[in-house]
Amino acid sequence: MENLNSQKEGLLSSYRLLDLSNERGFYCGKILGDFGADVIKIEPPGGDPARNIGPFYKDITHPEKSLYWFALNTSKRGITLNIETAEGRELFKRLVETADIVIESFDPGYMDSLGLGYPALEEINPGIIMTSVTPFGLTGPYADYKASDIVTWAMAGFMSTCGEQSEPPYRVSIPQSYLQGSLHAAMGSMIALYHREVTGEGQHVDTSIQEANFFFTEEAMPVWDLWKYNWQRDGPGASLPRPNIGPLWMRLLWPCKDGYVNIFLVGGAQKGLVNSSTALVKMANKEGMAENLRGYNWATHDASQISQEERSQIEEAVIAFLRTKTKQELYEAALEEEIVLAPLNTVKEIMESPQLAAREYFVEVQHPELGDTITYPGAPVKLSEVPWRINRRAPLIGEHNEGIYEKELGLTKEELSRLKVAKAI
Amino acid sequence: MSKKQVFEGVKVAEFAWVAVGPQIGRTLAEHGATVVRIESHRRPDLLRLASPAKDFKPGIDRSAFFAMLNPNKYGISLDVSKPKGREIAKKLIKWADIVTESFAPGTMKRLGLDYEEAKKIKPDIIYVSTCMQGQYGPHAAHGAYGDQLAALSGFPALVGRPDGEPEMPPLAYTDWIGPWYVVTALIGALLRRRKTGRGMYLEQSQYEAGVAFLAQGILDYTVNGRIMNRMANRDPYAAPHGVYPCKGEDRWCAIAVFTDEEWKAFCEVIGNPAWTKGAKFATLPGRKQNEDELDRLIAEWTVNYTAEELMTLMQAKGIPAGVVYTIGDVFNCPQMKHRQHFVYLDHPVIERHAYHNEASRFSKTPQDFYKAAPCLGEDNEYVYKEVLGLSDDEIAEMLVEGVITTDADLPVGEASW
């Protein structure tokens, strides 16, 4: 199988993915494509409707200029195909013969209704892995529920913990839940791929976006399990539930001179945390502030026992000091003195991070038809033997129709024209 | 365990601790890998003393938070700061296919257990390092946790009202992004090793993994010079879009109307009130222009219904809607029950308690949960004797010398944080 990726070998370069996904699953193919897999993005003729989602390149609303589309579809070649036509389905089946993974995120039952469900694909290619990523899973009482990012975010439980008690709960303004679902779909696909390589046997992977996002709730899950206590929206802090003596609210996001910093101001049995808090207080004391905390033994700070009053006094003293310092000053001190502190960054500050620059994290990707190069986030994990790489920018509509249909499947130009007219491509 | 497990026979030496690292081992363990956690009473995993503790009494084996990250794993107690401890650690590395660690950069190197040293012992070892900001760089030495990383990664700036304070996505948001990328790549490394016989070093900065989830924001800034701001629960392509107050205390239902069909259906559900007729709200641009009023009018209606009723009414007409679930709601969700998301295991101290399933189901190789998280050192005998083949005398000596740590080695005062 000719690998038309023009770059060097990647981690997954001997594998081909057919990517039928919509917004729910774009990111899955990108993750695997950036690791080197040969991903073929299959869009309906005229392009995926998600190409109309912004932001846009220089704010020009155009299906070939969506930054959203660019961001989530790197390292994929693109073809158009209408699987709702019989001929389109036949072409798809031909592609399945030589594919390793099929990714789809249609409503449960849709692929089956077209005769393209897992049993049908397995018959064509017994080693095929089909990964279906859906809001709630393929079966069950809510499988047919209509969803969007905010709905899966809400039903994953994490939303109820985001924000202030006095306000409605919030989602993150860059939609997250489909990214998380897609990431789990990528991981699930790999687990199935490993099994396939060892046994020759493919299978159907069924990923639930709701379940994937539920992991964000972290300790709130066992907190409910053991104490039947629902984690509250705690604003700029965290409320430690202590069903015996009442909750303890501890600040996490602290106002400073020009913004906010996140600080873990605790102690107890963890030496690192004790040292951190001690160092922060020392800093404040040096400037004649937080005097009431001079010499405080952070090892004795027991979050399971301390009173809210005492805790609030500690925090007030520290806030007064923080308000005299900028994010940058505090972060530099944190690096110097090993304080568990980080600034709340905007995208601009992230782009300007000296750490990310030293790591060569951001990558430049050519967009020749725009006459431009665009900066993208880089590798989520660096590999030693093979490069992680954005192998190509997101595909244009039907960009690789010729490459796949003519060169690979051997269709003639006439056949291709006819299929276009018949709306199969 | 009736079906063969995907990673049966794959061996993992897990030096990793806290949240991200153990999450990697957990996914492999759920599919049959043999994962040995190497811990020490002298420096217990931070999470072993984290809430929630059984019966509200913190203790090394009483944290359900620690436990939920570590089912199916074997736990040993070993002091790798002692030369004999390092010798044993190297034996484990030789035994393993995969080593994971999540300490501050330089820690494993100081112990003589980093990738370069591990390669000498086991040339085809697959070695994973994951930490906050990566193994090198001006900020690499900075020790902090997922909560700080969520701020560094910019997420709070994207949560809340545009005219309000940034809000925390609470807990340790980026801890739940990083590990899945590692597992994905790790399996790729295993596959590659089958073909080439070569191992690999996987090195993750959790900061870098977290920033990946801001992709459109990164592009918007570099192309258009725009710093994306928080927009409460609004969406440029939908209205109504947000959470609406329902009957009861702090109960909300998320509703998202994108298309004209959905808007028509929505109006039907709410009884086609007079205010929905006329030009003002008939189109998306119109609704966006008058969104404050729209939300207010809708809220006046939604407060008369429970969140569950609203979800059912909306879904019946094909409108995306979902209850803003509390954690307890998720436990009681019929769909989550159908998915068997909550797996109950019997822990010697915590007793029967809940673990997460995975987000994926596999038609031929389902995951299996057969062992609660290990107590500290619980599997010393099994691992030292059966896995490493040490003699009883050698083990006794290690105990005497404190190479195998015990409760007596716990730091004084088990105060939690």
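Residues numbered from 1 in each chain as written. Chains lettered and ligands numbered in written order. Predicted model: local features only at pLDDT ≥ 70, side-chain atom pairs only at ≥ 80, totals over all residues.

Can you help me understand the overall build of chain B in this one?
Helix and strand counts for chain B stand at 17 helices and 12 strands. For chain B, the spread of C-alpha atoms along the three principal axes comes to 85 × 50 × 45 Å. Across the 417 residues that make up chain B, the buried fraction comes to 59%. When contacts within chain B are restricted to residue pairs at least 6 apart in sequence, those whose partners lie at least 24 apart make up 69%. (Helix = DSSP H or I, 4+ residues; strand = E, 2+ residues; numbered from the N terminus. Buried ≥ 20, exposed ≤ 12 C-beta atoms within 10 Å, placed from the backbone. Contact = placed C-beta atoms within 7 Å.)

Explain the interface of chain B and chain A to me, please; I cannot follow it from the model alone.
Bring the parts together and some accessible area is lost; that lost area is often taken as the interface size. Counting residues at the interface gives 130 residues for chain B and 138 residues for chain A. With 12 residues, the top contributor of residues to the side of chain B that touches chain A is helix 7 (residues 178-196) of chain B. When its residues are assigned to classes, the side of chain B that touches chain A shows 77 nonpolar, 36 polar and 17 charged. Bridge count for strand 14 (residues 382-383) of chain A against strand 6 (residues 200-205) of chain B is two bridges, and the pairing is antiparallel. Looking across to strand 6 of chain B, one finds that Leu383(A) is bridged to Leu202(B). (Nonpolar A, V, L, I, M, F, W, Y, C, P; charged D, E, K, R; others polar. Pairing = 2+ DSSP bridges.)

Explain helix 13 (residues 307-316) of chain B here, please?
Given 3.6 residues per turn, any residue in an α-helix points the same way as the ones three and four places further on. Residues and elements named next belong to chain B. For helix 13, the full list of buried residues reads Ala-307, Leu-310, Met-311 and Met-314. Around the axis of helix 13, the buried residues are gathered within 100° of arc, so they sit on the same side. For helix 13, the secondary structure elements touched by its buried residues are strand 8 (252-256), helix 10 (260-269), helix 12 (291-302) and strand 9 (321-323). A positive phi of about 75° marks Gly-318, the residue just after helix 13. (Arc of directions from axis to C-beta.)

Honestly, the domain arrangement of chain B in this entry has me stumped. Any pointers?
When the domains of chain B are assigned, the result is domain 1 (11-213 + 339-409) and domain 2 (241-332). Measuring from the centre of the C-alpha atoms in domain 1 of chain B to the corresponding centre in domain 2 of chain B gives 43 Å. (Domains from an automatic or database assignment.)

Hey, could you run me through the nonpolar core in this one?
One finds Ala154(A), Leu186(B) and Cys253(B) to be the most contacted residues of the largest nonpolar core, which totals 266 residues. With 11 residues, the top contributor of residues to this core is helix 7 (residues 177-199) of chain A. Those residues in contact with Cys253(B), other than ones at most four positions away along the chain, are Val243(B), Tyr244(B), Cys246(B), Thr302(B), Ala307(B), Leu310(B), Met311(B), Ala321(B), Val323(B) and Val324(B). (Core = buried A, V, L, I, M, F, W, Y, C linked by C-beta atoms within 7 Å.)

I keep staring at the sheet that holds strand 7 (residues 241-245) of chain B and nothing clicks. Help me out?
Sheets are built from strands that pair by backbone hydrogen bonding, the pairs being arranged parallel or antiparallel. All names here are of chain B. Here three strands make up an open sheet; going across it, the order is 7-8-9 and the pairing antiparallel. Edge positions in the open sheet fall to strand 7 and strand 9, since each of these has one partner strand only. Going from strand to strand, the sheet's axes swing by 20° on average, the running direction of each strand aside. Alignment of strand 8 against strand 9, held across three bridges, turns out to be antiparallel. Note on strand 9: the bridge partner recorded for Cys-253 is Val-323. Relative to the sheet, helix 13 contacts strand 8 and strand 9, its axis offset from that of strand 9 by approximately 160°. (Axes fitted to C-alpha atoms, helices over the stretch in contact; angles between N-to-C directions.)

It is not clear to me how helix 3 (residues 86-97) of chain A should be interpreted in this structure. Could you clarify?
Residues and elements named next belong to chain A. Taking 1.5 Å per residue as the helical rise, helix 3 with its 12 residues ought to reach 16 Å, and the 17 Å between its terminal C-alpha atoms agrees with that figure. Along helix 3, the positions that sit buried rather than exposed are Gly-88, Leu-91, Phe-92, Leu-95 and Val-96. Buried residues of helix 3, seen end-on, are gathered within an arc of 145° and therefore sit on one face of the element. Helix 3 presents Ala-86, Glu-90 and Glu-97 as exposed residues on the side facing more than 90 degrees away from its buried surface. Those residues of helix 3 hidden inside the fold are in contact with strand 1 (16-19), strand 4 (101-104) and helix 5 (118-124). (Expected span 1.5 Å × (residues − 1).)

Would you take a moment to explain the pairing of strand 9 (residues 253-256) of chain A for this structure?
A regular strand places its side chains so that they alternate between the two faces of the sheet. Residues and elements named next belong to chain A. Of the pairings in the sheet, the one linking strand 9 to strand 10 (residues 259-263) comprises four bridges and is antiparallel in character. Residue pairing across strands places Trp-254 opposite Val-261, the latter belonging to strand 10. Between strand 9 and strand 10, which pair antiparallel one after the other, the connecting turn spans two residues.

Any chance you could explain the domain arrangement of chain A here in plain terms?
Splitting chain A by domain gives domain 1 (16-215 + 360-421) and domain 2 (232-351). The C-alpha centroid of domain 2 of chain A is placed 42 Å from the C-alpha centroid of domain 1 of chain A.

Even after reading the chapter, I still don't get unusual backbone geometry, so can you show me in this structure?
Note: most peptide bonds trans; most residues except glycine with negative phi. Note the cis peptide between Gly54(A) and Pro55(A), where omega equals 10°. With respect to the helices and strands, the residue Pro55(A) is situated in the loop between strand 2 (38-43) and helix 2 (67-72). Of note, the amide linkage connecting Ser51(B) to Pro52(B) takes the cis form, showing an omega dihedral of -5°. Mapped onto the elements of the fold, Pro52(B) is located in the loop between strand 2 (34-39) and helix 2 (64-68). Even without a glycine there, the phi angle at Glu360(A) is positive, about 55°. Note on placement: Glu360(A) falls in the loop between helix 14 (354-358) and strand 12 (363-367). Not every positive phi belongs to a glycine, and Phe56(B) is a case in point at roughly 60°. By secondary structure assignment, the location of Phe56(B) is in the loop between strand 2 and helix 2.

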